[in-house]
Amino acid sequence: MSTVQDQESTKALTKRVLWKLDIHVLPPLALLWLANFIDRTNIGNAKIAGLERDTHLQGTQFNSALAIFYVSYILVELPSNWVLKKFKPSRWLPFLVAVWGTVTTLSGLVQNYSGLLAIRFFLGFCEGGLLPGIMLYLSTLYKRHELQQRVGIFYASASLSGAFGGLLSTAIIKMDGIGGLAGWRWIFILEGIATVGIALTSMFFLPADIASAPFFTEEEREFALRRLRTSLGVALTAPLSEPSQRITAADTVDPAEKDADTKIEVRETEEVVVNQEDEQFEWREVLRGVKDPQVWMTAVSYMGIIISLYSFSLFLPTIVAGLGYSGGSAQLHTVPPYVPAVVLTVIVAVASDRLKWRGPFILLFLPISMAGYILAIAAKTNGQRYAAVFLMATGIYPCGPCILSILPNNSAGHYKKATTVALQLALANCGGFIATFTYDSSQAPTYIHGHSITLAFVVVAWLAILCNVLYCIWENRARAQGRRQDNLTKYQELWDSGKTRAPIGDRHPDFRFTL
């Protein structure tokens, strides 16, 4: 009877802890990511409201201004994740958002091409650390298979931001002439000021970590820490007090060679546990992250997804305008394609955590996006092209949280995880350069060239994630069959020689990768 009561008590405490984390962490993060996406995509809305004309842009200069954003964006991702723990995510993430909100506001004062280049470069420098930081932060609060539904919630806000960005721009453009400023300038100024406000507000709500979260009772805090550490299990352990070759010696003796006189000495050993908050920075862990094959496979896949996602969000207003809509009507027609994307993003995120799948859902949804691009290429009417946009969004948006959750699930050791998460995004965001040059106004209204390039990258994304799923299956099978036991010996040697004080992490033979 007591066992049943204990289970009920644990279940109730788990619900209480998750609920408190969800209501204190997810709304501020969703707002930060919403602000991020609106600020990043408002240049597309500003373009059709007169930015290109007023700043005297010619040829591919607008595309170059979009591309330079990704130079600084990519450079800052890894360093930002390395310092996240030191500066506390509850302070670092809002700080980044507040600075780029200020830069966005200054975008409204741009007068020419060189000014636009400068402001876009600094905007990328401010924004680059947010997404890898959010992913690392959430992985320190939630268990591995509670993560994606939380990522799905804040990521769905990015889909909503596409809708709100269009609606906000429609309203703000009506301020054209107020204060002697064009409507597109007010888009940057007002949305930038709102971003700073969101950042400052979130600073008061986000906890630095579970141990210091003020909204937990002492019982809830201890339980939350224990459940998280228990879920990480063997990944937090360091070597036993005896060298591993002595500990495992009994396993290497051939049973046929054993006789009645054989004596196996059994010694008491004690495990060392290195909790994520106690782990110290080591370049060896950074290198371990760089060498992880999952980083490179998922990065290639995410690059294909990003090319579709970024080109979709940056150029949807232009595509819609090319369909014959203009002004406010063009802005409003960018909203509906995001609706199914939002709904499916959340549904897939919940199902993904329950089934403990990531890659398989990407393999399922990317073909929907492929169908959208094929329809857009073959379309003969504006109605068909607009319908294709729905398929593009429906197929691409649910894949984001899936691929973002793979490396936090499959990397263990704080600084290894910090590196893999940020490196995946840094490599994938190189797709931003391609995305910004995929579509240009000379292709209107068909954009066949742009759609063809994006379709090719979506196909590559599908193939890359298939490779990653097969790799995880192969590695899990090898571990189950005992073919990775030498990882213990190799790690022990590093520990004994003083070369590492990080936990064994995902190297442990009992650690299993999420597909």
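Because the structure is predicted, anything quoted here is derived from the model rather than measured. Each chain has its residues counted from 1, following the order in which its sequence is written. Totals for whole chains, interfaces and linings use every residue, but because this is a predicted model, local features are given only for residues with pLDDT of at least 70 and side-chain atom pairs only at 80 or more, for both listing and counting. Only heavy atoms go into the side-chain values, all of them from the structure, while hydrogens and water stay out.

1. Some remarks on the overall build of the chain
The helix and strand tally for the chain stands at 20 helices and two strands. Only protein chains enter the accessibility calculation, which uses a 1.4 Å probe. A residue is then buried if its area is under 20% of the maximum for its type, exposed if over 50%, and partly exposed in between. Burial status across the chain gives 56% buried among its 515 residues. Relative to all contacts within the chain whose residues are 6 or more apart in sequence, the contacts with residues 24 or more apart total 82%. As displayed, the chain has an accessible area near 21200 Å², and 64% of this comes from carbon and sulfur atoms. Each helix is a run of H or I in the DSSP string that is no shorter than four residues. Each strand is a run of E no shorter than two, and both are numbered from the N terminus. Residues count as neighbours in contact if any of their non-hydrogen atoms are within 4.5 Å of one another. Residue-level accessible areas treat just the shown protein chains as cover; the underlying method is Shrake-Rupley with a 1.4 Å probe.

2. Let's talk about the pattern of salt bridges
Side chains that differ in sign of charge can pair as their charged atoms come close. By definition here, a salt bridge exists when the distance from a side-chain nitrogen of Lys or Arg to a carboxyl oxygen of Asp or Glu is within 4 Å. Counted according to the given criterion, the structure contains 16 salt bridges. For R507, the salt bridge goes to E285, with nearest N and O atoms at 3.6 Å. Of this pair, R507 sits in the segment after α20 (486-496) while E285 sits in helix α10 (residues 283-290), and the two are 222 residues apart along the sequence. Judged by its relative accessible area of 15%, R507 is buried. By relative accessible area, E285 is classed as buried at 1%.

3. Observations regarding a nonpolar patch on the surface
The residues that make up patches have over 30% relative accessible area and no salt bridge, and they are joined within 9 Å when like-charged or within 5 Å when they are Val, Leu, Ile, Met, Phe, Trp or Tyr. The grouping of L287, V290 and W296 at the surface amounts to a nonpolar patch, some 270 Å² of accessible area in total. Within the secondary structure, L287 is located in helix α10.

4. Focus on the confidence of the model for the chain
Low-pLDDT stretches of the model should not have their predicted coordinates read in fine detail. Residue-level confidence of the predictor is summarised by pLDDT, bounded by 0 at the bottom and 100 at the top. Chain-level statistics for the chain give a pLDDT mean of 85 and a share of 89% at 70 or above. Segment residues 241-269: pLDDT under 50, and 20 contacts once partners within four positions in sequence are set aside and those in other chains are kept.

5. Notes on helix α18 (residues 431-438)
Listing the buried residues of α18 in full gives G431, G432, A435, T436 and T438. Projected down its long axis, α18 carries its buried residues within an arc of 155°, all on one side. Taking the helix axis as origin, the arc is that swept by the directions to the C-beta atoms.

6. What to know about the nonpolar core
We define a nonpolar core as any set of buried Ala, Val, Leu, Ile, Met, Phe, Trp, Tyr and Cys residues linked to one another through side-chain atoms lying within 4.5 Å. Counting 116 residues, the largest nonpolar core has L138, Y302 and Y397 as its most contacted members. Considering each element in turn, this core owes the most residues, 14 residues, to helix α1 (residues 2-54). One finds M297, A412, Y471 and F511 within the second-largest nonpolar core, a separate group that totals seven residues.

7. Here we look at helix α15 (residues 382-396)
For a helix, the expected span equals 1.5 Å multiplied by the number of residues minus one. An ideal rise of 1.5 Å per residue puts 21 Å on 15 residues; α15 measures up with 21 Å between its terminal C-alpha atoms. Those residues of α15 lying buried are R385, Y386, A388, V389, M392, A393, T394, G395 and I396. Residues adjacent in sequence count toward polar contacts only when both atoms are side-chain atoms; beyond that, a polar contact is any pair of N or O atoms within 3.5 Å, and within protein one must be able to donate a hydrogen and the other to accept it. Put simply, T381 is the residue that caps the front of α15, since its side-chain oxygen is 3.2 Å from the backbone nitrogen of Q384.

8. Notes on the packing of aromatic side chains
Here a Phe, Tyr or Trp ring, Trp counted by its six-membered ring, pairs with any other such ring whose centre lies within 6.5 Å, and the pair is stacked when the planes are under 30 degrees apart, edge-to-face when over 60, and tilted otherwise. Summed over the entire model, instances satisfying the criterion amount to 19 aromatic pairs. Plain terms: the ring middles of F281 and W283 are 5.1 Å apart, the flat faces sit at 85° to each other, and that makes the pair edge-to-face. Residue F281 is classed as partly exposed on the basis of its relative accessible area of 33%. Accessibility expressed as a relative area gives 58% for W283, which makes it exposed. Plain terms: the ring middles of F281 and Y415 are 5.3 Å apart, the flat faces sit at 85° to each other, and that makes the pair edge-to-face.

9. So, the environment of I396
Tracing the backbone through its elements, the reader meets I396 in helix α15. Overall, I396 belongs to the buried group, its relative accessible area being 1%. Taking the C-alpha atoms as reference points, I396 and M370, 26 residues apart in sequence, are found 9.1 Å from one another. Discounting residues that sit within four places of it in the chain, I396 has contacts with I305, S308, L309, L366, S369 and V458.

10. Some details on the packing of helix α2 (residues 61-87) against helix α5 (residues 130-139)
For the pair α2 and α5, the least separation of the axes is 9 Å and the interaxial angle reads 35°. Taken as a pair, α2 and α5 cross one another with a handedness that is right-handed. Facing E77, N81 and L84 of α2, the residues of α5 in contact are P132, G133, L136 and Y137. Residues are sorted three ways: Asp, Glu, Lys and Arg are charged, Ala, Val, Leu, Ile, Met, Phe, Trp, Tyr, Cys and Pro are nonpolar, and all the rest, Gly among them, are polar. Taken together, the residues of the contact of α2 with α5 break down into four nonpolar, two polar and one charged. Fitting a line to C-alpha atoms yields each axis, with helices limited to the stretch in contact; the angle taken between N-to-C directions then spans 0 to 180 degrees. Crossings are sorted by hand: turned counterclockwise from the far helix by less than a right angle, the near helix makes the crossing left-handed, and turned clockwise it makes it right-handed.

11. A few points about the environment of K417
Along the chain, K417 falls in helix α17 (residues 414-428). Under the relative-accessibility criterion, K417 is labelled buried at 6%. C-alpha of K417 to C-alpha of L407: the two residues are 10 residues apart in sequence and 7.2 Å apart in space. When sequence neighbours within four positions are dropped, the list of residues in contact with K417 reads L136, S139, P408 and S411.

12. Comments concerning the side chain of R150
Assignment of secondary structure puts R150 in helix α6 (residues 147-173). Looking at R150, the relative accessible area reads 8%, which means it is buried. A distance of 2.9 Å separates polar atoms of two side chains, one belonging to R150 and the other to D22. In this structure R150 touches L18, D22, L26 and Y142, once residues within four positions along its chain are discounted.

13. Side note on the environment of F457
Position of F457 relative to the elements: it lies in helix α19 (residues 448-480). For the pair F457 and I307, spaced 150 residues apart in sequence, the C-alpha to C-alpha distance is 7.3 Å.

14. A few points about the state of the cysteines
By definition, a disulfide links the sulfur atoms of two cysteine residues through a covalent bond. The definition used for a disulfide is geometric: two cysteine sulfur atoms within 2.5 Å. This model, assessed by the stated rule, comprises zero disulfides. With no disulfide partner, C399 has as its closest neighbouring cysteine sulfur the one in C402, 6.2 Å distant. Residue classification places C399 among the buried residues on the basis of a relative accessible area of 1%.

15. Focus: unusual backbone geometry
One non-glycine residue, H56, lies in positive phi territory at about 60°. Locating H56 in the fold gives a position in the loop between α1 and α2. Using a relative accessible area of 60% as the deciding quantity, one classes H56 as exposed. The backbone of K356 shows a phi angle near 60°, a positive value even though the residue is not glycine.

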